[in-house]
Amino acid sequence: MPHKIFDADRHVIEPVSLWEKYTNKKIFSRFPIYLKQIENDDHEIPPVLMIGDHPVLDHWHEQIQIAAAHENGKSLVERTIATTAEGQLMSMNDSAIKESLLFPSFAMYIVNHDKIDAEASLEFAKAYNSWLYDYIGSHNDRLHGVGIISRHDPKNMVEQLDDIVKRGWKVIKLRPEVIKGRSLGHPDYEEFWNQCEQLNLTVAIHGGTHLFGNTVGTDRFTSRFGLHACSHPIEIQMAFLSLLESGVVERYQNLKFLLLEAGCSWIPYWLWRLDNICYTEFPTLIKDTIKQPPSEYFKRNFWVTVELGEPSIQDCIKAIGDEKLLYGSDFPHPDHIHLNDTDIRSELREIEAEQVDNILYNNHKNII
């Protein structure tokens, strides 16, 4: 049956103008967001997105800018489509997608930028959420907003949840990195996790390359290849580890987490290692925070998206069950354009038909 698929990882493309329109004027005057044209006599380089005196993207050096200029045309149509809700729905209809979660493209870099203060980070999060609410408009039966949370000051994070819930959204977004010195398992977030559980919200953890902050790999790589290889899968693994070893998922047993854009093939090995090497080594050191094998927490509290063509989906199903997997297109980002197939089922043909049905059509009911 057409138009039944649930897309758990779809992105909007935010216009630069949204920030001035939706942000408190005092904040915007301190940290204006704008495009800066870079002069280069030999190559045409796209403008650089700036926040005050700093680029929004870190390690976005001239080599990458030139390469991006050559590659941009391959996804120009898709990125243009993602600027409007009507474009999203047109594209979803073409791909037999009925509903989707909508994530930011640039806002997650702006809100979490290391060079802005907590007041600005909070205002930019509010601005994006207000813009997204207007972007979706009357299409909220198919387009589900994901509210972005500022982590710069834990004291205002519960208040941010209230604003998101008032919009009718069921999912919030956090980055996996250490932000302003705090990992996801930091004690300062305790009341936040408690309120997420009480409100029955799903916490989507979604990273990305080139954060102006502390992403794994930035201490040893500067190339796009090296940074991109690390940012998504390794940060997601460490996000799970932080929530596990700090006892967050022991204390809040009904919390729901959605781990995005890292695939699922890492899960069988990571859980095997945590269960069989780490968990058994010094049990007295973790007896209060990790009271059962790590894989049991994962199976209870976590969902993940699969990537078309990845090699170990069947092994992942054996480890955590097919009911924990969802499909995410990552539309319209260029690194996944070649994986967006109009016949998704054929790309998952090694999995039993009933399992594919659960991944595409059914499993999202547990998170929204």
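What you are looking at is a predicted structure, and each value in this text was computed from that prediction instead of being measured. (Residues numbered from 1 in each chain as written. Predicted model: local features only at pLDDT ≥ 70, side-chain atom pairs only at ≥ 80, totals over all residues. Heavy atoms only, no water.)

Asks: Give me the state of the cysteines: which residues, what numbers.
Replies: One pass over the full model with this rule turns up zero disulfides. For the unlinked cysteine cysteine 264, the closest cysteine sulfur is that of cysteine 316, found at 3.9 Å. Classification of cysteine 316 as buried rests on a relative accessible area of 0%. (Disulfide = S-S within 2.5 Å. Buried < 20%, exposed > 50% of the residue type's maximum accessible area, 1.4 Å probe, protein only.)

Asks: Any details on a nonpolar patch on the surface? Residues and values, ideally.
Replies: A grouping of Tyr269, Trp272 and Ile277 is seen on the molecular surface, where their side chains present a nonpolar patch of about 330 Å² in accessible area. The topology assignment puts isoleucine 277 in helix α12 (residues 266-278). (Patch = residues over 30% accessible without salt bridge, like charges linked within 9 Å, V, L, I, M, F, W, Y side chains within 5 Å. Areas by Shrake-Rupley, 256 points an atom, 1.4 Å probe, with all protein chains shown as cover. Salt bridge = Lys/Arg side-chain N within 4 Å of Asp/Glu carboxyl O. Helix = DSSP H or I, 4+ residues; strand = E, 2+ residues; numbered from the N terminus.)

Asks: Which residues make up the pairing of strand β6 (residues 143-148), and what values do they have?
Replies: β6 sits mainly inside the fold: six of its six residues count as buried. Of the two faces of β6, the one holding Leu143, Gly145 and Gly147 and the one holding His144, Val146 and Ile148 are both buried throughout. Strand direction decides the pairing type here: strand β5 (residues 97-103) and β6, joined by three bridges, are parallel. Bridge pairing in β6 links leucine 102 to glycine 145. One ladder, built from three bridges, connects β6 with strand β7 (residues 171-174); its direction is parallel. The partner of valine 146 across the bridge, within β7, is valine 171. Running through helix α8 (residues 157-166), the crossover from β6 to the neighbouring parallel element β7 is right-handed. (Pairing = 2+ DSSP bridges. Right-handed = clockwise from strand over helix to strand, strands pointing away.)

Asks: Tell me what's going on with the sheet that holds strand β11 (residues 325-327), and back it up with residues and numbers.
Replies: The sheet built from eight strands is open, its strands ordered β1-β5-β6-β7-β8-β9-β10-β11 with parallel pairing. Sheet topology places β1 (5-11) and β11 at the edges, where each strand pairs with a single neighbour. Ignoring which end each strand starts from, the neighbouring axes of this sheet average 30 degrees apart. On top of the sheet, helix α7 (residues 118-136) reaches β5 and β6; it is set at about 175 degrees to β6, its chief contact. Helix α10 (residues 224-245) rests against β8 (202-205), β9 (256-259) and β10 (302-306) of the sheet, and its axis sits at about 140 degrees to β8. (Axes fitted to C-alpha atoms, helices over the stretch in contact; angles between N-to-C directions. Contact = heavy atoms within 4.5 Å.)

Asks: An account of the sheet that holds strand β3 (residues 48-51) is requested, with residue identities and associated values reported.
Replies: As summarised here, the arrangement of the three strands in space is β2-β3-β4, forming an open sheet in which the pairing is antiparallel. Two strands close off the open sheet at either side, each with one partner strand: β2 (33-36) and β4 (54-55). Judged from the two bridges that link them, β3 and β4 form a sheet pairing that is antiparallel. Following the sheet pairing, methionine 50 is matched in β4 by proline 55.

Asks: Outline α12, listing residues and values.
Replies: Within the span of α12, buried status applies to Trp266, Ile267, Trp270, Leu271, Leu274 and Asp275. Angularly, the buried residues of α12 cover 140 degrees about the axis, an arc narrow enough to put them on a single face. The inward-facing, buried residues of α12 abut α10, β9, α14 (294-301), β10 and α15 (313-320). (Arc of directions from axis to C-beta.)

Asks: Explain the pairing of β8 to me, and be specific about the residues and the numbers.
Replies: Taking every second residue as pointing to the same face, both faces of β8 are buried, with Thr202 and Ala204 on one and Val203 and Ile205 on the other. Of the strand pairs in this sheet, β7 and β8 are connected by four bridges, and their pairing is parallel. The partner of leucine 174 across the bridge, within β8, is isoleucine 205. Summarising the sheet, β8 and β9 pair through four bridges and their orientation is parallel. Within β9, the residue paired with alanine 204 across the bridge is leucine 258.

Asks: Which residues make up the packing of α10 against α12, and what are the values?
Replies: Direction vectors running N to C along α10 and α12 enclose 35 degrees, while the axes themselves pass 12 Å from each other. Viewed along their axes, α10 and α12 form a crossing whose handedness is right-handed. Residues Ile236, Gln237, Phe240, Leu241 and Leu244 of α10 pack against Trp266, Trp270, Leu271 and Leu274 of α12. When its residues are assigned to classes, the contact of α10 with α12 shows eight nonpolar, one polar and no charged. (Left-handed = near helix turned anticlockwise from the far one by under 90°. Nonpolar A, V, L, I, M, F, W, Y, C, P; charged D, E, K, R; others polar.)

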